[in-house]
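Each chain, letter by letter, is given below.
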Amino acid sequence: MEQYHGLKYKTLGNASPQGKPRVYFCCHPDDFARLFGPVTDEVLSMQRNAAIYYYDASENIPSGEAFLADLSQMQLFVIPVTWRFIYQESSARMLELAYAQEHHIPVLPLMQEDGLDSDFNHVCGDIQYLSKHNSMKDATAIPYEEKLRKYLESVLVSDELAEQIRRAFDAYIFLSYRKKDRKYAQEIMHLIHENDFCRDIAIWYDEFLTPGENFNEAIVDAMEKSQLFALVVTPNLLESPNYVMTTEYPQAKKASKQILPIEALETDDEEMKEKYQGIPSKVSVGDKDGVAHLLRESLGMIARQEQNHDPKHLFFIGLAYLSGIDVEVDHQKAFALIETAANQGLPEAYEKLVSMYNTGEGVERDYHAAVMWQERYVEALERMGKNTFDALWDLGNMLYDLGQMEEAREAYQRMREQSRNERELSVTYNHLGRISQEEGKLTEANDYYLRGLQSIINDAEETGTIRARIDVCISYILLGNVSYEEGEMPQAKGYFLRGMELGKSLNEEIESIEVKRYLSYSYGRLGDVSLHEGKLSEAKDYFLKNLRLCRGLAEETGTAQARTDLSDSLRRIADLSQAEGKLNQARYYYLRNVEVRKEIAEETETIEARRFLAVGYQVLGDFYQIEEYFKGAKEYYLKNWEITKGLAEDTGTVKARRDFSISYRCLGDISKEEGKLPEAKEHYLRGCELSKGLVEEVGTIDLRGDLAIIYERLGDVSQAEGNLAEAKEFYRSDMEITKGLAEETGTIELRIDLSGSYIKLGKVSQAEGNLTEAKEFYLKSLDISKDLAEETGMIEMRRELCVSYIKIGDISQAEGNLAEAKEYYQKGSTLSERLVEETSWPQVYADLGAIYIKLGSIGDVQMYEKAYDIFKKLAVRFPENVRYQGLRDDLKELLT
């Protein structure tokens, strides 16, 4: 291994790092070239007085005591987090991160990829991180840039505060040593400060400067203000020439400074006296009493006999030891001093303890202790009659992050009482709404968001600022999302329309990427609502506007995020084209979607980008399967399988293994469609084995839902093979899981799935000839469908109800009860006719045609003519749809 020559540094303007807050940058070596520049530039743009230390891992990976001694003096480790950092061993994770955690040095992980959150915490522990990927996920969150700035300010000392700290010292000692002896220099600094009378004595030392770099002036200034010249004696001092011998020692003699040589390693006396003329007798580092005596003698009355116990003084000296400002880093001493100042009621000390416990700076990270000190800080501000809005905001966010929702709600409520203007009031209501929304209290969330909207509208009218108007747009989006979640589509559309109109107005006034993103988001959500309503033409208009904006942002910024948004937009257009029956157009957009995802994956090589590409392949496979182009579907499903298999092997995460299990399900679907039932069952069983293991390991709702789906697919294969008993067993397993999930969550999606499970069981019972049991299952499905249709009014729910009517009608027809069959078929046709009046969905027209055929089959032959008219129109409108063509031709032959 190459000899360690010290760390490199980066500062603004290549200024000297002497006296600046020390930040250490490290990452996976394969990420260094790509991330060092952008990350360090971002840190320096917000903390201009910092010095960022690093080594280039492509050159060498340092180790040894000298390297660790350098790390020990750092105030903050900044680590860009990528999939490589988490999943591949590197010095950055195995050595440097571990060192920082062990020695209570704050670590700031900057998440470079979306979707790594849980894996990072699983591998690296409970460390808070910052991510740029949450702005659209949580519009109430503090912006990333503001969080980063606040974090850096809480850990790194500003120039102004550093000057206040330096003024708190009683005197200075100049410590001279060879760079290769830095480890011994730090030991001697600790030795000096073991003496209580030296607690408030600063030690000037050259930190990480290379001799000659803006150094001579600093030497002169430091020597002038120092009362004592302490020299770290080792055999390295005898090497000729060296900077101590040629510059520092002669300067001390010239300035008539008292000189205290402290021997760290045995060194030849005669040679020392020869090369350092007039040097006093040295004292051994092991002679603590001798060192203390000489220090007291040298410093005289400067070293205080009685220490200053003023809380502000204690606080400043504590910060000096915490950050290594003109003293060695000593976390234990720093914490004791700052805690003492806090116990004497100093608010600044409360704030610093909160930061220390949150970041792990000098103490074991303890979020609950941070909350306790934050509560005391709020109380101190209240006693002083000061406003506590900002302090309560921080307290509420800390409690929220701990999952203490009731306590967080209480803090936000108190924060509302302290709000000083409409903007702050809006922030409070949005936070309260976020808690209610996460708890599933959508009506309550809607109420809070409405109050937040009114407050920010008042602020916008009062101030007229762009920021206030952007926040109004965000409030409309928040309200629209809650209404959408409630199934209140007209109300959701109203909010998204208002957000869109305001976004358009803002976009005409200013060139802002943020505004364009919110405007494109509004267009996309409006399209989603229109699609739910079956208004395909309207949905297309919104989706195209969303696509134009996303394409423009991708071209303007070129960021992976902008191109990811573009990919989502392309998929929306593809889904719509498929719903319209425009399969060639849908195929084009699905392929373009995959191209964009592939570009991002190849460029970034991130886990999330590879997963994103795998999903694109799966969606394209789904499309080809619907088109009954099974060869193409299998090709893309296999590509999906290859990526998910690789991700599962690379990471071993639950998410990756879940994706891998789903890939088997997709391959099983294709084999089933091709009639290769044994092959399909093999794929399903492999997916089932993976899914079972995940459920036993984690057991989340999503994973249990996956297992239910695989049981359903296995039931389909068994039924197709004619093994009805086995099919029923699989379907019952599906139903039992789904029923439990539906009762546990009450969500619309799971209740729909439960209705589908009863339909499957009904079909098996019907095939077994057990019509009574089949009817019982179909009636259970009917009850669920009725409730959902009445609750939501959504087209999908009412379509499900139609299916239930038809199934019960089929049983009645099989039982020979044609009157009852006709009654159920007519209920289905009445409901379907209403849907046709409301929507342009081709599926709804096809449903009505199918019901007319059912009615024709029990004697109402005029219904065949109505069915023929429907499928004739659908065949003309969608010439690529083979099913519509076939039904039209069959009905024409029947009628003639």
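In what follows, the accompanying structure is described.

So, how was this worked out
Residues numbered from 1 in each chain as written. Predicted model: local features only at pLDDT ≥ 70, side-chain atom pairs only at ≥ 80, totals over all residues. Heavy atoms only, no water. Helix = DSSP H or I, 4+ residues; strand = E, 2+ residues; numbered from the N terminus. Buried < 20%, exposed > 50% of the residue type's maximum accessible area, 1.4 Å probe, protein only. Contact = heavy atoms within 4.5 Å. Areas by Shrake-Rupley, 256 points an atom, 1.4 Å probe, with all protein chains shown as cover. Lys, Arg positive; Asp, Glu negative; His and termini not counted. Charge placed at Lys NZ, Arg CZ, Asp CG, Glu CD. Expected span 1.5 Å × (residues − 1). Arc of directions from axis to C-beta. Axes fitted to C-alpha atoms, helices over the stretch in contact; angles between N-to-C directions. Parallel < 35°, antiparallel > 145°, perpendicular 65-115°, else oblique. Left-handed = near helix turned anticlockwise from the far one by under 90°. Nonpolar A, V, L, I, M, F, W, Y, C, P; charged D, E, K, R; others polar. Salt bridge = Lys/Arg side-chain N within 4 Å of Asp/Glu carboxyl O. Phe/Tyr/Trp six-rings, centres within 6.5 Å; stacked < 30°, edge-to-face > 60°. Polar contact = N/O pair within 3.5 Å; in protein donor to acceptor, adjacent residues only side chain to side chain. Pairing = 2+ DSSP bridges. Right-handed = clockwise from strand over helix to strand, strands pointing away. Core = buried A, V, L, I, M, F, W, Y, C linked by side-chain atoms within 4.5 Å. Disulfide = S-S within 2.5 Å.

1. Focus on the overall build of the protein chain
- Along its length, the protein chain carries 39 helices and 11 strands.
- Projected onto the principal axes, the alpha-carbon positions of the protein chain cover approximately 125 × 60 × 50 Å.
- In the protein chain, buried positions account for 55% of the 896 residues.
- Here the analysis covers contacts within the protein chain between residues at least 6 apart in sequence; of these, 65% occur between residues at least 24 apart.
- Carbon and sulfur atoms make up 47% of the accessible area of the protein chain, which amounts to about 38,700 Å² in all.
- Each charge class in the protein chain was averaged separately, 107 positive and 156 negative side chains, and the resulting centres sit 4 Å apart.

2. Remarks on helix H18 (residues 405–418)
- Helix length check: H18, at 14 residues, gives a terminal C-alpha distance of 20 Å against a target of 20 Å (1.5 Å per residue), a fit within 8%.
- Three or more residues of H18 are buried, namely Met405, Ala408, Arg409, Ala411, Tyr412 and Met415. Buried residues in H18, looked at end-on, bunch into an arc of 160°, giving them a common side.
- Among the structural elements, helix H17 (389–401), helix H19 (422–438) and helix H20 (442–463) are those in contact with the buried residues of H18.

3. As for the packing of helix H1 (residues 32–46) against helix H6 (residues 144–155)
- One can describe the packing of H1 onto H6 by two numbers: an axis separation of 10 Å at closest approach and a directional angle of 70°. As far as their axial angle goes, H6 and H1 are roughly perpendicular. Where H1 crosses over H6, the handedness of that crossing is right-handed. For the pair formed by H1 and H6, the contact residues are Glu42, Val43 and Met46 on the first element and Tyr144, Glu145, Leu148, Arg149 and Leu152 on the second.
- Residues of the contact of H1 with H6, tallied by class, amount to five nonpolar, no polar and three charged.

4. Some remarks on the pattern of salt bridges
- Under the defined criterion, the tally for this structure stands at 69 salt bridges.
- When the shortest N-O distance is used, the salt bridge between Asp200 and Arg199 registers 2.7 Å. Per residue, the accessibility class of Asp200 equals that of Arg199, and both read buried.
- A salt bridge links Lys760 to Glu712; its shortest N-O distance comes to 3.6 Å. One end of the pair, Lys760, is in helix H33 (residues 748–767); the other, Glu712, is in helix H31 (residues 701–720), with 48 residues separating them in the sequence. The residues Lys760 and Glu712 share a single accessibility class, namely buried.
- Members of the salt-bridge network, linked through shared partners, are Asp669, Lys672, Glu712, Arg713, Asp716 and Lys760.

5. Comments concerning helix H2 (residues 65–72)
- Turning to H2, its buried residues are Phe67, Ala69, Asp70, Leu71 and Ser72.
- In this fold, the buried residues of H2 make contact with strand S2 (22–25), strand S4 (76–81), helix H4 (91–102) and helix H8 (182–193).

6. Re the packing of aromatic side chains
- Within the structure shown, the criterion is met by 32 aromatic pairs.
- Their ring planes at 80° and their centres at 6.2 Å tell us that Phe335 and Tyr357 sit as a pair that is edge-to-face. Of this pair, Phe335 sits in helix H14 (residues 331–343) while Tyr357 sits in helix H15 (residues 347–359), and the two are 22 residues apart along the sequence. Just as Phe335 is buried, Tyr357 falls in that class too.

7. Concerning the side chain of Arg798
- Position of Arg798 relative to the elements: it lies in helix H35 (residues 795–814).
- Polar side-chain contacts of Arg798 include one of 2.5 Å to the side chain of Glu838.
- In this structure, Arg798 is in contact with Ala789, Gly793, Leu831, Leu835 and Glu838, ignoring residues within four places of it in sequence.

8. Overview of the pairing of strand S9 (residues 228–233)
- Across the six residues of S9, six count as buried, placing the element largely inside the fold.
- Burial along S9 is two-sided: Leu228, Ala230 and Val232 and Phe229, Leu231 and Val233, pointing in opposite directions, are all buried.
- With four bridges connecting them, strand S7 (residues 171–176) and S9 associate as parallel partners. Residue pairing for S9: Ile173 is matched across the bridge by Leu228.
- Relative to strand S10 (residues 258–263), S9 runs parallel, the two being bridged by six bridges. Paired with Ala230 across the two strands is Leu260, which belongs to S10.
- Handedness of the S9-helix H10 (residues 243–254)-S10 crossover: right-handed.

9. Considerations on the sheet that holds strand S8 (residues 201–204)
- As summarised here, the arrangement of the five strands in space is S8-S7-S9-S10-S11, forming an open sheet in which the pairing is parallel. A single partner strand is all that each edge strand has here, and the edge strands are S8 and strand S11 (283–284).
- In terms of strand pairing, S10 meets S11 through two bridges, oriented parallel. In the sheet register, Ile262 faces S11, and the bridge partner there is Val283.

10. Quick word on unusual backbone geometry
- For the bond from Ser240 to Pro241, the omega torsion is -5°, close enough to zero to count as cis.
- Along the chain, the position of Pro241 falls in the loop between S9 and H10.
- The phi torsion at His104 lies on the positive side, around 60°, for a residue other than glycine.
- Mapped onto the fold, His104 is located in the loop between H4 and strand S5 (107–111).

11. Some points on the sheet that holds S4
- Strands sit in the order S1-S3-S2-S4-S5-S6 across an open sheet of six strands; the sheet is mixed. Looking along the sheet, the strands with just one partner apiece sit at the ends: strand S1 (8–10) and strand S6 (130–131).

12. Details of the nonpolar core
- Tyr24, Phe77, Phe85 and Phe120 are the most contacted members of the largest nonpolar core, which has 96 residues in total.
- With nine residues, helix H27 (residues 607–626) is the largest single contributor of residues to this core.
- Ile279, Leu353, Phe389 and Ala391 belong to the second largest nonpolar core, which has 76 residues in total.

13. Overview of the environment of Leu478
- Assignment of secondary structure puts Leu478 in helix H21 (residues 466–486).
- Of the residues examined, Leu478 reaches a relative accessible area of 9% and is grouped as buried.
- With 28 residues separating them along the chain, Leu478 and Leu450 place their C-alpha atoms 9.4 Å apart.

14. What to know about the packing of helix H37 (residues 842–857) against helix H38 (residues 862–877)
- Between H37 and H38, the shortest axis-to-axis distance is 8 Å and the interhelical angle comes to 155°. The angle between the axes of H37 and H38 places the two elements in the roughly antiparallel class. The way H37 lies across H38 gives a crossing that is left-handed. Contact residues: Pro842, Tyr845, Ala846, Leu848, Gly849, Ala850, Tyr852, Ile853, Leu855, Gly856 and Ser857 in H37; Met863, Tyr864, Lys866, Ala867, Ile870, Phe871 and Leu874 in H38.
- The residue makeup of the contact of H37 with H38, split by class, is 14 nonpolar, three polar and one charged.

15. So, the state of the cysteines
- What the rule picks out here adds up to zero disulfides.
- Among the cysteines around Cys473, which has no disulfide bond, Cys550 carries the closest sulfur, lying 14 Å off.

16. Digging into the environment of Ser256
- Along the chain, Ser256 turns up in the loop between H10 and S10.
- Along the primary structure Ser256 and Leu228 are separated by 28 residues, whereas in three dimensions their C-alpha atoms are 9.8 Å apart.

17. Remarks on the pairing of S8
- Of the two faces of S8, the one carrying Ile201 and Ile203 and the one carrying Ala202 and Trp204 are both buried.
- Relative to S8, S7 is paired through four bridges, and the arrangement is parallel. The residue bridging Tyr172 from the neighbouring strand is Ala202, located in S8.
- The parallel pair S7 and S8, bridged by H8, forms a crossover whose chirality is right-handed.

18. Some remarks on the environment of Thr40
- Relative to the assigned elements, Thr40 resides in helix H1.
- Linking Thr40 and Phe25, residues 15 residues apart in sequence, is a C-alpha distance of 7.8 Å.
- The contact partners of Thr40, leaving out residues within four places of it in the chain, are Lys10, Phe25 and Ile52.
- Side-chain polar atoms of Thr40 contact the backbone oxygen of Phe36, separated by 2.6 Å.

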